Amino acid sequence: MVLSVMLHVLIVGIALTGWSWSSPEHEPPPRSISARLITLQEPEPSAIVDPVDQQKRDEDRRAEEQRKQAEVEKRRQEEEARRVAQQKQQEEEKRLRQQKEREQQEAEAKERKARKAREEEAARQKAEAEAKERERQKAEEAKRRQEEARKKAEEQKRRQEEQHKREEAERKRQEELARQEAERKRLEAERKLREQQLEAQADEARRAREAEARRQQEAAAAKAREAQMLSESEKYQALIRERLSQAWYPPPSATEEMTARLQITLLPTGELASVKLVTSSGNTAFDNSALGAVRSLSRYPIPSERDTFERYFRQFTIEFNPRRLR
């Protein structure tokens, strides 16, 4: 504030001194200068300018404002686009931090806009100051602003680059985590597959052993059953031979070399279904005596087990010979 007052006093003194150098006879009455402190910033004296220059400066100023507003809007849109793109991947805490940064940038933009409005108002009030001083200060101010803008642009660019680096590092970290997780899942799947394969092999081996054991048991049971059926069949074959031997009366012409072979078919009840001469003895009387003996039995002794009957007694052959029946 002290510097502002001193600067105003200096400007007034210079103006009064300049007017005193001109002739007092033709010198117009001195022009009063009214100054009012509106900010704590260093005042900028302005001089009376040409309306064309003022219009050009106003157009330049508006163009500068539009450019800055366009830059602000562009930065806001870029920030919003990045926020939207990152929102899907980042956690809630990061989203809140970005929102806070965006709000801070908006506050800074508002502050710059308000400061610019104050500076423009100050420049308008100082328009009556000396042109040369105003031009010099304007040039210095423009240079300073350009430097500040450059520094701000560099700082903004640096922050953006740092943000991009952080995002890139985070993306790579997430990709690495995803790769490690995928590798872990792959190894886990391979381990489970190996375990399943081993279990399947073990199950298959177990089933093979069980099947082999069952096969052996069934084979043993079948063998035992076969032995039992054979023993049972031999017993009933002997009974049938005994019955036929009792019922057979060979003719007087029969010799020991004669043999008649007959095929006998029985019913499950033991009754005779049919008899057929398979091999003749060469003697009709001998063959007929054998057929008569077979037909004379009303019921044949057969085992009660159906399997034994079907296998050995459903159909069988028997030989008639004077020395033996077989």
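Everything discussed here concerns the structure shown above.
Keep in mind that what you see is a predicted model, and the values were worked out from it rather than measured.

Rules and cut-offs
Residues numbered from 1 in each chain as written. Predicted model: local features only at pLDDT ≥ 70, side-chain atom pairs only at ≥ 80, totals over all residues. Heavy atoms only, no water. Helix = DSSP H or I, 4+ residues; strand = E, 2+ residues; numbered from the N terminus. Buried < 20%, exposed > 50% of the residue type's maximum accessible area, 1.4 Å probe, protein only. Polar contact = N/O pair within 3.5 Å; in protein donor to acceptor, adjacent residues only side chain to side chain. Contact = heavy atoms within 4.5 Å. Pairing = 2+ DSSP bridges. Core = buried A, V, L, I, M, F, W, Y, C linked by side-chain atoms within 4.5 Å. Axes fitted to C-alpha atoms, helices over the stretch in contact; angles between N-to-C directions. Parallel < 35°, antiparallel > 145°, perpendicular 65-115°, else oblique. Nonpolar A, V, L, I, M, F, W, Y, C, P; charged D, E, K, R; others polar. Phe/Tyr/Trp six-rings, centres within 6.5 Å; stacked < 30°, edge-to-face > 60°. Salt bridge = Lys/Arg side-chain N within 4 Å of Asp/Glu carboxyl O.

> Help me understand the side chain of Thr265 in this model?
Examined against the element boundaries, Thr265 turns out to sit in strand S1 (residues 260–266). Taking the relative accessible area as the measure of exposure, Thr265 reaches 15% and is therefore buried. Within polar-contact distance, the side chain of Thr265 engages the side chain of Gln315 at 3.2 Å. Those residues in contact with Thr265 that lie beyond four places of it in its chain are Leu272, Ala273, Ser274, Arg314 and Gln315.

> Is there a simple way to think about the pairing of S1 in this case?
In regular strands, side chains alternate between the two faces of the sheet. Burial within S1 is extensive, with 5 of its 7 residues counted as buried. Where S1 and strand S2 (residues 272–279) come together, 6 bridges link them in antiparallel fashion. Residue pairing for S2: Gln263 is matched across the bridge by Lys276.

> Please clarify how the nonpolar core should be interpreted in this entry.
The nonpolar side chains of a soluble globular protein tend to be buried with one another. Residues Leu244, Leu262, Ile264, Val294, Tyr300, Phe313 and Phe320 are the most contacted members of the largest nonpolar core, which totals 26 residues. Listed by contribution, the elements that provide at least two residues to this core are helix H4 (131–247), S1, helix H5 (284–296), helix H6 (306–313) and strand S3 (315–321). In terms of residues, this core owes the most to one element, H5, which gives 5 residues. Setting aside residues no more than four positions away along its own chain, Phe320 makes contact with Leu244, Trp248, Met258, Thr259, Ala260, Leu262, Phe286, Ala290, Ala293, Val294 and Leu325.

> So what exactly am I meant to see when it comes to the packing of helix H2 (residues 51–87) against helix H3 (residues 92–125) here?
Any two packed helices are characterised by the angle at which their axes cross and by the distance between the axes. For the pair H2 and H3, the least separation of the axes is 11 Å and the interaxial angle reads 175 degrees. Taken as axis vectors, H2 and H3 run roughly antiparallel relative to one another. Residue-level contacts link Arg61, Glu65, Val72, Arg75, Glu79, Glu80, Arg83, Gln86 and Gln87 of H2 to Arg95, Gln98, Arg102, Gln105, Ala109, Arg112, Lys116 and Glu120 of H3. For the contact of H2 with H3, the residue count by class is 2 nonpolar, 4 polar and 11 charged.

> For this particular structure, what's the right way to read the packing of aromatic side chains?
Centre distance and the angle of the planes are the two values used to describe a pair of aromatic rings. Applying the stated criterion across every chain, the model contains 4 aromatic pairs. Taken together, a centroid distance of 5.2 Å and an interplanar angle of 75 degrees make the contact between Trp248 and Phe320 edge-to-face. On the criterion of sequence distance, the pair formed by Trp248 in the loop between H4 and S1 and Phe320 in strand S3 is long-range, its members being 72 residues apart. On the basis of relative accessibility, which here comes to 0%, the residue Phe320 falls in the buried class. For the pair Phe313 and Phe316, a centre-to-centre distance of 6.1 Å together with 75 degrees between the ring planes defines the contact as edge-to-face. Using a relative accessible area of 15% as the deciding quantity, one classes Phe316 as buried. Taken together, the ring pairs connect Tyr236, Phe313 and Phe316 into an aromatic cluster.

> Please explain the pattern of salt bridges as it appears in this structure.
Two side chains of opposite charge can pair, provided their charged atoms sit close to one another. Within the structure shown, the criterion is met by 44 salt bridges. Between Arg136 and Glu140 there is a salt bridge, with the nearest N and O atoms lying 2.6 Å from each other. Here the residue Arg136 and the residue Glu140 both occupy positions in helix H4, the gap between them amounting to 4 residues, near one helical turn. Taking relative accessible area as the criterion, Arg136 reaches 39% and is therefore assigned partly exposed. The network of salt bridges with shared partners includes Asp58, Arg61, Glu65, Lys116 and Glu120.

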